[in-house]
Amino acid sequence: MASHIFRSPLPDQEIPEVPLTAYVMQHAEELADEPAMIDGPSGRTYTFAQLSDHIHRLAGGLTANGFGAGSTVGVMAPNVPEYAIVFHAVAVAGGTVTTINPTYGAEEVQFQLNDAGAELLITIPDFIETAKAASEGTGVTRIAVIGDAPDDTVTPLADLYGDPISQVSVDVQEQVVVLPYSSGTTGMPKGVMLTHHNLVANLAQARPVLQYGESEMALAVLPFFHIYGMQVLMNCGLVSGATVVTMPRFDLEVFLQAHQEHGITRSFVAPPIVLAMAKHPLVDKYDMSSITQVFSGAAPLSAELAVECGERLDCEVVQGYGMTELSPVSHLTPPGQFKPGSAGITAPNTECLIVDVESGAQLGVGEDGEVWVRGPQVMKGYLNNQKATDETIDGDGWLHTGDIGHIDGDGHLFIVDRLKELIKYKGFQVPPAELEALLLTHPEIADSAVIGLPDTEAGELPVAYVVRKPGTEVDADGLKAFVAEKVATYKQLHRVTFIDEIPKSASGKIL
């Protein structure tokens, strides 16, 4: 079969060889007095000039305190304007940010701090206890807090500020600027090494399609620790000169109120929020007429739900496709090119292959196979894990996504299935292997298998099949509680079924 590389129907974009913050804040001078970020609940505002000033002063202070070039800084916080300050200050100082889910338990946070080699952890007062517990036995020498410090073992972030510095010289192709954690296609969470160039490239690729305008209002409800929130909401909003309104957590009423109050034009969400916008009676109480587009990502959105939500709000409901390892966007929907169920067209400067899983043959239009992606947004690799890197990126630079789909005659990608074992709960990754390993630490459990159960609201629910050790009596509620104590809420088990044995292949893989 002839080679069939699918290329973007959009023209390639020029990708400048510059550090991330210089690119993201390129309009800071001309937009100096315009609001860059607003804290949704309090209205606390930073103009572009103020944001830039804070970034460079914190960068100077980090360097003076020994957390500069070569350091890794953990950030465990909800969406607040200061997230962008910390994130970009570390980038300017030549360091690496590892973004941590603030709903994680101490053990999960500790794993990431150790794996990433973090020396400083920045959080908010609400998460201090978790931060302290998680930092025990890691390389973290200081915990800093956004806001007031509860005691003298913690440093207020303001105390870390110093004299402003300009960007520390970095090799943009090699320097890892952010280290989010992803399970990839299988197994335990791994640090995804994304360089300055990866993130700049993906912003340059996405901007002509996302088409944010200056003075446009964007609501950032999806978390900045997640690559979608970090890049599409925070960084793409800022580089476009839009105003980013932050929401620390999703609450439907507050979300709707923010749309009405700020005249939000574009709403970047995940499928569970699309479901609420399509069906919840509360929506009718608010003026949502400013919305021109709802953009869904992080998990598959059904065609029916997209159409239903679009009809209710009188706007386009489109989706994109990507993964942490792609910085994150490889496919997205330009305004006016909506197709129900489509994840969009191939992004500029990006190539896509659809490959037969059995034969390895490259497939043509309308044929289902594994989606492979190549472009400047492909990660440098997984931190300290060459084996996983080699399993994900081949010798020709193609990243094997583990998702099954096809590209139609108009160049639109449709994702139909998943090769990989990940469970997607409300857009969050739940690695079955992690929960299976945790269940096996229970003294009364002999074996376990965790799978995703399809669910309209969540996408998939994690459920477990468990084999008890002979003569033991642990029950389902006991096991659910055992897991709940050790993992974030989205990884918790929704059902436990006891069986006699777990079916496995000859190689020992769970069937």
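Everything below is about the structure printed above this text.
Computed from a predicted model, the values in this text were never measured in an experiment.

Rules used in this analysis
- Residues numbered from 1 in each chain as written.
- Predicted model: local features only at pLDDT ≥ 70, side-chain atom pairs only at ≥ 80, totals over all residues.
- Heavy atoms only, no water.
- Helix = DSSP H or I, 4+ residues; strand = E, 2+ residues; numbered from the N terminus.
- Rg over C-alpha atoms; globule rule 2.2 N^0.38 Å.
- Contact = heavy atoms within 4.5 Å.
- Areas by Shrake-Rupley, 256 points an atom, 1.4 Å probe, with all protein chains shown as cover.
- Lys, Arg positive; Asp, Glu negative; His and termini not counted.
- Charge placed at Lys NZ, Arg CZ, Asp CG, Glu CD.
- 1 Å grid on protein atoms, 1.4 Å probe; cavity = no way out; pocket = protein on both sides within 12 Å on 5 of 7 lines; lining within 4 Å.
- Points joined across faces, edges and corners; volume = space filled by probe spheres on them.
- Buried < 20%, exposed > 50% of the residue type's maximum accessible area, 1.4 Å probe, protein only.
- Arc of directions from axis to C-beta.
- Pairing = 2+ DSSP bridges.
- Salt bridge = Lys/Arg side-chain N within 4 Å of Asp/Glu carboxyl O.
- Core = buried A, V, L, I, M, F, W, Y, C linked by side-chain atoms within 4.5 Å.
- Right-handed = clockwise from strand over helix to strand, strands pointing away.
- Patch = residues over 30% accessible without salt bridge, like charges linked within 9 Å, V, L, I, M, F, W, Y side chains within 5 Å.
- Phe/Tyr/Trp six-rings, centres within 6.5 Å; stacked < 30°, edge-to-face > 60°.
- Axes fitted to C-alpha atoms, helices over the stretch in contact; angles between N-to-C directions.
- Parallel < 35°, antiparallel > 145°, perpendicular 65-115°, else oblique.
- Left-handed = near helix turned anticlockwise from the far one by under 90°.
- Polar contact = N/O pair within 3.5 Å; in protein donor to acceptor, adjacent residues only side chain to side chain.

Quick look at the overall build of the protein chain now. Counting its regular elements, the protein chain contains 13 helices and 29 strands. Its C-alpha radius of gyration of 22 Å places the protein chain within 12% of the 24 Å reference for a compact globule of 511 residues. Looking at the protein chain alone, contacts between residues at least 24 apart form 68% of all its contacts between residues at least 6 apart. Counting every atom, the protein chain has about 19800 Å² of accessible surface; 50% of that belongs to carbon and sulfur. The average position of the 28 basic charges and that of the 65 acidic charges among the side chains of the protein chain differ by 4 Å.

It is worth spelling out empty space enclosed by the protein at this point. According to the stated counting rule, one finds one cavity of 30 Å³ or more in the structure shown. Here the largest cavity is characterised by a volume of approximately 40 Å³. Lining the largest cavity we find N202, L203, A206, L210, Q231, V232, C236 and V329. Among the secondary structure elements, those contributing two or more residues to the lining of the largest cavity are α6 (196–210) and α7 (227–239). Of the residues forming the lining of the largest cavity, the biggest block, four residues, is contributed by α6.

What follows is about helix α10 (residues 303–313). Looking at α10, one finds that the buried residues are L305, A306, C309, G310 and L313. Along the axis of α10, the buried positions cluster into a sector of 130°, meaning they face one direction only. Pointing more than 90 degrees away from the buried face of α10 are the exposed residues E304 and E311. Taken together, the buried residues of α10 touch α9 (271–279), β15 (293–296) and β16 (316–319).

Overall, antiparallel pairing links the three strands, which are arranged β17-β18-β19 in an open sheet. This sheet does not close on itself; its edge strands, each paired only once, are β17 (321–322) and β19 (345–346). In this sheet, strand β18 (residues 329–332) lies alongside β17 in antiparallel orientation, the contact comprising two bridges. Bridge pairing in β18 places G322 opposite V329.

Here the focus is the pattern of salt bridges. Within this structure, the stated rule accounts for 16 salt bridges. One salt bridge connects E308 with K279, and the closest N-O pair in it is separated by 3.0 Å. Taken as a pair, E308 in helix α10 and K279 in helix α9 lie far apart in primary sequence, 29 residues in all. E308 gets classed as partly exposed once you look at its relative accessible area, which sits at 31%. A network of salt bridges, in which partner residues are shared, links R7, E351 and R374.

Grouped together as the largest cluster of nonpolar side chains are 160 residues, with contacts concentrated most on L51, L238, F255, M277, V294 and L313. Once residues lying within four places of it in the same chain are set aside, the contact partners of L51 are M25, A36, M37, Y46, I85 and L238. Judged by nonpolar contacts, the second largest core, of six residues, contains A116, V176, Y181 and M193.

It is worth spelling out the sheet that holds strand β20 (residues 351–355) at this point. Ordered by their spatial adjacency, five strands build an open sheet running β1-β20-β21-β23-β24, and the pairing between neighbours is antiparallel. With one partner strand each, in any of the chains shown, β1 (6–7) and β24 (413–418) form the two edges of the open sheet. Alignment of β1 against β20, held across two bridges, turns out to be antiparallel. Note on β20: the bridge partner recorded for R7 is E351.

Our next topic: the pairing of strand β7 (residues 142–145). Sheet topology note: the strand β6 (residues 120–123)/β7 ladder contains four bridges and is parallel. Among the inter-strand pairings, T123 is bridged to a residue of β7, identified as V145. For the crossover that starts at β6, traverses helix α5 (residues 128–135) and ends in the parallel β7, the hand is right-handed. When β7 meets strand β8 (residues 155–156), the two strands line up parallel, connected through two bridges.

Bringing a negative patch on the surface into the picture now. A cluster of acidic residues, E29, E30, D33, E34 and E214, forms a negative patch at the surface. Residue position: E30 is located in the loop between α1 (20–24) and β2 (35–39).

Taken as a whole, this structure holds six aromatic pairs when the rule is applied. Pairing Y83 with F224 gives two aromatic rings, centres 5.6 Å apart and planes at 65°, and the pair type is edge-to-face. Residue Y83 is found in helix α3 (residues 81–92), and its partner F224 is found in the loop between β12 (217–220) and α7; the two are separated by 141 residues along the sequence. Neither Y83 nor F224 differs from the other in exposure class; each is buried. Through pairs of rings, three or more aromatic residues link up here, namely Y212, F268 and F295.

Attention now goes to the packing of α9 against α10. Packing of α9 against α10 brings their axes to within 8 Å, and their N-to-C directions diverge by 50°. Our classification of the angle between α9 and α10 gives oblique. Read as a crossing pair, α9 and α10 show a hand that is left-handed. On α10, the residues touching P271, V274, L275, A276, M277, A278 and K279 of α9 are L305, E308, C309, R312 and L313.

This part takes up helix α13 (residues 476–484). When we look at burial in α13, the residues that qualify are L479, F482 and V483. All buried residues of α13 fall inside an arc of 95° around its axis, so they share one side. Those residues of α13 hidden inside the fold are in contact with α12 (432–439), β27 (445–455), β28 (459–468) and β29 (495–498).

Further remarks concern the environment of L179. Tracing the backbone through its elements, the reader meets L179 in the loop between β9 (176–178) and β10 (181–182). Judged by its relative accessible area of 3%, L179 is buried. The spatial distance from the C-alpha of L179 to the C-alpha of T98 is 4.5 Å, given a sequence separation of 81 residues. Other than its neighbours up to four places away in sequence, L179 contacts T96, V97, T98, T99, Q112, A116, G191, V192, M193 and L383.

Take Q231: it is sitting in helix α7. In this structure Q231 comes out as buried when scored by relative accessible area, which is 2%. Polar contacts involving the side chain of Q231 include one to the main-chain carbonyl oxygen of S327, which spans 3.0 Å. Setting aside residues no more than four positions away along its own chain, Q231 makes contact with L199, N202, L203, C236, S327 and P328.

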